[in-house]
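# Understanding the architecture of this molecule
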Amino acid sequence: MLEPELGSSAGQRLGAPETMAISTLDPGHKPPVMPPGRHVTVRVRMLDDTEELFDISQRASGKVLFDLVCTHLNLVEGDYFGLEFQDHRKMTVWLDHLKPIAKQIRRPKHTVLRFVVKFFPPDHAQLLEELTRYLFALQIKYDLACGRLTCNDSSAALLVSHIIQSEIGDFEETQCRQHLLNNSYIPDQMALIDKIMEFHHKHMGHTPAESDFQLLEVARRLEMYGIRLHPAKDREGTKLSLGVAHTGVLVFQGHTKINAFNWSKVRKLSFKRKRFLIKLRPDLNQSAYQDTLEFLMGSRDCCKVFWKICVEYHAFFRLFEEPKPKPKPVLFSRGSSFRFSGRTQKQVIDYVKDTEFKKIPFERKHSRAQYNSNLSPLPSLRSEVPKESASYTARERSHSPSKHHWKEPALVSAEDSPAHRTRASPSAQANGREERPRDGGRAAAAVAAAGGRHQAAEQLSTEPGSSSPRLPGAARGMVNGHRPAKGGGGHSPDGRPPSPLTSPLLNDAAARTDDEDEARRKRFPTDKAYFIAKELLTTERTYLKDLEVITVSFQSMLEKEEATPDSLKNVILSNFDPLYKFHTGFLREVEQRLALWEGRSNAHIKGDYQRIGDVMLKNIQGLKPMACHLQQQAEMLRELEKACRASRRLEGLCRDLELQKACYVPLNVFLLRPLHRLLHYKQILERLCKHYPSAHPDYKDCRAALEDVSEMVSQLHGSMIKTENYQKLLELKKDLIGTDSLATAGREFIRLGCLSKLSGKGLQQRMFFLFNDVLLYTSRGMTATNQFKVHGQLSLHGMTIRESEEEWGVPHAFTLVGQRQSVVVAASSLSEMEKWMEDIKMAVDKAEMSNGLTSVPLASSLNDHKDPSPVSDSDSSVSGSSRYQGPVPLSLICWYRLHSLSFSDTCRSLENQLSGNLLRKFKNSNGWQKLWVVFTNFSLFFYKTHQDDYPLASLPLLGYSVTIPSDSENIHKDYVFKLHFKSHVYYFRSESEYSFERWMEVIRSATVSGGRGAASGRKDAQAH
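### Quick notes on the overall build of the protein chain
Check the secondary structure of the protein chain and you find 30 helices and 30 strands. Counting over 1024 residues, the protein chain shows a buried share of 59%. Taking the contacts inside the protein chain whose residues are at least 6 apart along the sequence as the reference set, 69% of them involve residues at least 24 apart. Per element, the accessible surface of the protein chain, about 42600 Å² overall, is 50% carbon and sulfur.

In structure tokens, the structure reads:
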């Protein structure tokens, strides 16, 4: 007898807790209550060929069983799937969600239902969950093996190569050949083994998640993708087959599509006995118009089965919401009462994007590929960022080779697993029964694991000696082809990882600090100058930590790498080491002065301690001789870019450095920190001078220090603007595929953001990048790098722009008329439209005045998206660019939050850095938790204390609103502000009125985007 606690269900294999999972139900709802009545055991075969038993009432509807399966798998996007079975007529039919089980399955004990993909979307980028894409990949694998998905030999070999890359990892000839000999993926596989191996060799470095994506990328281009053929005949008796897809009803002869009836052309679908009827809308362009097409099928039941799936496909892909049920007739019914039940695709996408789920990792049954979990390539799109795998700890990274630390030996053999397994379902165990597996064997213990790519920065579990809390440990097993990092994987208090783009789920069980902070606040000085000086202290601590990323981590990496040019080593060493040494002493002096100011030593008896101007003046004068080091920032960026172009290994090492949790913003931003710090000093001194009366003893020193730092800023102003622009171009080059020449001399970045482009398919979301010579429009390529694929470029020379809302009937629409093509786009709001139109007009004027800056460096990349074979981009995979997963790119956040950013916005966010302690409270939590918070680069980064080397979590602020809580929210505390975005609400409490105003100021600078005028104002302000 199998003991329940030793059994391993599918949900457990996918990393689920026994009593809780995610279903396709509404947020906060549990699976429907099981209706009373006699229970039966239903067997469901999953896509990985395992079988699960579900104990269910005969009176329960098909929806109850389907929800149990989705809940069991922790599947959020379950609406793409369905349960099929053979009925008593030996016909394969879909389980009806509205009818009771007993009326559909006559002999449940002898019936096996298959959990399979039912609706195939046109673009796999619409699948927002990695688990969903994995299940789709299993469906493609099954369709290939059974011959349902037909294609030419080259495509078949390419598909299989992605499958085995996911299962066994990187190419090794002997292992690959043996695996193909032991496993059959396609008919007549032996003849294609060499071709498969050739393709497999080109997928080096692809993780299982990326392989799934590339598999779907190839499969979706095939004519038979997602097609199930239903035999039929036309009026002349010619043998045909009918199929249905997202576009409409398709007609095949053999496996060749010969006709298609788009949903927009179909007026009505019906059947009468054996005849399937398609009634078309009138076509004024055709003289020989045929109103009704008739196809003869095998039986009335065959007609009805096909008619039902057509109705469901049409509703799922074409309707905005689930159709309402028809009222029951009083006496007689006419026609079928069947209707689509469930969410439409639009509802699924909106629901997953708008709802914050707590993600559970999953295990790939057939995968033996092991990777550094930091490199799981594909994000969970509802929260805009990858989450499925855990991360290395800092200690592991320091002890592992930089090049090889992300490949580990395979631990599990796919051939060791039986083809079919039967396990007890959670419902059976919940009823207190034990199910005996048919094979009589004991199931292995479930593998529990945790993690997420960006939970590397949100991880709560730490190595011994860390001040961060440790969550209950999980088993060190394999999850989704990845090994979890030591110490856990960034879970929220209930054991699931958070979203990196929407919520910093830190441990809410921390000690409550309300009373002690209130008492501490009363003991400390209340003068505004003290809090200004304290801002200097807190931001200096963060600045010194940022310098350590360069002086410790980056320089150590450069010293170990032989390919690093001496010029790069020298420029980094000679510029950053003196700065780090100087600011270490400066921080020590500021800490000592604040300690005296707060009265934490007997020295305050002397009385001359409540001032900071003398410390500032002394150190600003000491910093002036180092202005030569600050002028070298642009040279450092160019040396680093030049060295990375010359050495792929060095480029890979820089990416590895950005994967470290301490590198919470792009590496180039750290290199520019000394320039930004000068602006911080200037801002602090301006506040002190504004606060002090001219007779104050500290005013004279503060004024002198302000004049000195203003002189330095004025000298560096011109180079600062150019350097920030160059850094932004380098950052965007990583975000765009194939734009190696983006950082060209004379090119200026102006704005990026989301606009809807009007095409033959309607409005489609596109990411636009505006420069002073060219406008690029792209879509999210869904590659391992989260990069954007360029669809086209518009030269700004001769471009005109006009509003066209009335012309096209689309709100906030405007037309860009170029020399070769015109593009109609729509903004998300009137303010966004005005910003884009203003910036584009300004860019056009600048382009007209320029002298021939070319806009052709993207020509090669424009052909990439037309190439049906992703192997054409294999060079980037070898170089490692497909594995780049540094800090979440701002362009990616803008894509998901339908936001735009100008160059002035990005500069302002980097220059408005702020650090300090805040108390944080969730919407539904009781106490306040004390955190060290750093604002920079449009995000809040959360630490336990200022001594921590890396953040526990981050919260990108684009799209958020910052307000003051209302009385109805019952936040009876001073200095509290609220951050909210859709359903996400966070409360933060500062220690003083000054710090409250400062946090509100800097957060508003990140949440309120400015126009181009803001950039001009910034330049003018810095010039004085």
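### Quick notes on the pairing of strand β24 (residues 914-922)
Summarising burial for β24: 8 of the 9 residues are buried, a large majority. Across 7 bridges, the pairing between β24 and strand β25 (residues 929-936) is antiparallel. Counted as the bridge partner of Leu914 is Phe935 from β25. Sheet topology places β24 next to strand β30 (residues 984-989); 4 bridges connect them, and they run antiparallel. Paired with Arg920 across the two strands is Phe988, which belongs to β30.

### Thoughts on the sheet that holds strand β12 (residues 292-297)
Read across the open sheet, the 7 strands follow the order β9-β8-β7-β6-β12-β11-β10; overall the sheet is antiparallel. Taken across any chain shown, the strands that pair with only one partner, and hence form the sheet edges, are β9 (256-262) and β10 (266-272). With direction set aside, neighbouring strand axes in the sheet form an average angle of 35°. Two elements, strand β7 (residues 239-244) and strand β8 (residues 248-253), share 4 bridges in a ladder whose sense is antiparallel. Residue pairing for β8: Val244 is matched across the bridge by Val249. Against the sheet, helix α9 (residues 300-318) contacts β6 (230-233), β7, β8, β10, β11 (275-280) and β12, and its axis sits at roughly 155° relative to β10.

### Description of the nonpolar core
One recurring pattern in soluble globular proteins is that nonpolar side chains are buried together. In terms of nonpolar packing, the biggest core is built from 106 residues, with Leu65, Phe81, Phe115, Phe276 and Ile278 touching the most fellow members. Among the elements that take part in this core, α9 stands out by supplying 10 residues, more than any other. Aside from chain neighbours lying at most four places away, what touches Leu65 is Val42, Phe54, Ile56, Leu83, Leu95, Ile101 and Leu113. Counting residues in hydrophobic clusters, the runner-up holds 78 residues, among them Leu537, Met557, Tyr692 and Val934.

### Notes on the packing of helix α14 (residues 528-560) against helix α21 (residues 673-691)
Two numbers describe how α14 lies on α21: the axes approach to 10 Å, and their chain directions differ by 175°. Taken as axis vectors, α14 and α21 run roughly antiparallel relative to one another. Touching Lys528, Ala529, Ile532, Glu535, Leu536, Thr539, Glu540, Tyr543, Asp546 and Leu547 of α14 are Arg673, Pro674, Arg677, Tyr681, Ile684, Arg687, Leu688 and His691, all from α21. Classifying every residue of the contact of α14 with α21 by side-chain character gives 9 nonpolar, 2 polar and 7 charged.

### Let's talk about the sheet that holds β24
An order of β27-β26-β25-β24-β30-β29-β28 is seen for the 7 strands of this open sheet, with the pairing classed as antiparallel. In the strand order of this sheet, the two ends are held by β27 (953-956) and β28 (961-963), each with one partner. Averaged over all adjacent pairs, the angle separating strand axes in this sheet is 35°, with direction ignored. Two strands pair when backbone bridges link them, and strand β29 (residues 976-981) and β30 are joined in this way by 6 bridges, in the antiparallel orientation. Within β30, the residue paired with His980 across the bridge is Val985.

### Structural notes on the pattern of salt bridges
Under the counting rule described, the total for this entry stands at 46 salt bridges. For Arg998, the salt bridge goes to Glu1001, with nearest N and O atoms at 3.1 Å. In this pair, Arg998 and Glu1001 are both assigned in helix α29 (residues 993-1007), 3 residues apart and thus about one turn of the helix distant. Judged by its relative accessible area of 3%, Arg998 falls in the buried class. Several salt bridges converge on common partners, so that one network encompasses Arg593, Arg611, Asp614, Asp698 and Asp701.

### A short note on the packing of aromatic side chains
Inspection of the entire model under this criterion finds 32 aromatic pairs. Aromatic side chains Phe120 and Tyr225 sit 5.3 Å apart centroid to centroid with 80° between the ring planes, which places their arrangement in the edge-to-face category. Of this pair, Phe120 sits in the loop between β5 (112-117) and α4 (130-146) while Tyr225 is found in the loop between α8 (208-219) and β6, placing the two residues 105 residues apart along the sequence. By relative accessible area, which is 7% here, Phe120 ends up buried. Taking the relative accessible area as the measure of exposure, Tyr225 reaches 10% and is therefore buried. An aromatic cluster of at least three residues, connected via ring pairs, comprises Phe66, Tyr80, Phe81, Phe115, Phe119, Phe120, Phe136, Tyr225, Tyr313, Phe316 and Phe317. A cation sits over an aromatic face here: Arg638 above Tyr726, 5.0 Å from the ring centre. Above the plane of the ring of Phe670 lies Arg673, whose end atom (NZ or CZ) is 6.0 Å from the centre.

### Section: the pairing of β12
Along a regular strand, successive side chains alternate from one face of the sheet to the other. Burial along β12 is one-sided: the face carrying Leu293, Phe295 and Met297 is buried and the face carrying Thr292, Glu294 and Leu296 is not. Here β11 pairs with β12 via 5 bridges, running antiparallel. Looking across to β12, one finds that Lys279 is bridged to Thr292.

### Some thoughts on unusual backbone geometry
Despite not being glycine, Asn74 shows a phi value in the positive range, around 55°. By the element assignment, Asn74 lies in the loop between α2 (62-73) and β3 (81-86). A residue is classified by how much of its surface remains accessible, and Asn74, at 8% relative accessible area, is buried. With phi around 55°, Asn937 is a residue other than glycine that occupies positive phi space. On the secondary structure map, Asn937 appears in the loop between β25 and β26 (939-943).

### A closer look at the packing of α14 against helix α15 (residues 566-597)
Two elements in contact, α14 and α15, have axes whose closest approach is 9 Å; the angle formed by their N-to-C orientations is 150°. When the axes of α14 and α15 are compared, the pair comes out roughly antiparallel. Relative to α15, α14 is oriented so that their crossing is left-handed. Its residues placed into classes, the contact of α14 with α15 shows 22 nonpolar, 4 polar and 8 charged.

Conventions we followed
- Residues numbered from 1 in each chain as written.
- Predicted model: local features only at pLDDT ≥ 70, side-chain atom pairs only at ≥ 80, totals over all residues.
- Heavy atoms only, no water.
- Helix = DSSP H or I, 4+ residues; strand = E, 2+ residues; numbered from the N terminus.
- Buried < 20%, exposed > 50% of the residue type's maximum accessible area, 1.4 Å probe, protein only.
- Contact = heavy atoms within 4.5 Å.
- Areas by Shrake-Rupley, 256 points an atom, 1.4 Å probe, with all protein chains shown as cover.
- Pairing = 2+ DSSP bridges.
- Axes fitted to C-alpha atoms, helices over the stretch in contact; angles between N-to-C directions.
- Core = buried A, V, L, I, M, F, W, Y, C linked by side-chain atoms within 4.5 Å.
- Parallel < 35°, antiparallel > 145°, perpendicular 65-115°, else oblique.
- Nonpolar A, V, L, I, M, F, W, Y, C, P; charged D, E, K, R; others polar.
- Salt bridge = Lys/Arg side-chain N within 4 Å of Asp/Glu carboxyl O.
- Phe/Tyr/Trp six-rings, centres within 6.5 Å; stacked < 30°, edge-to-face > 60°.
- Lys NZ or Arg CZ within 6 Å of the ring centre and 35° of its normal.
- Left-handed = near helix turned anticlockwise from the far one by under 90°.

These figures capture arrangement, not role.
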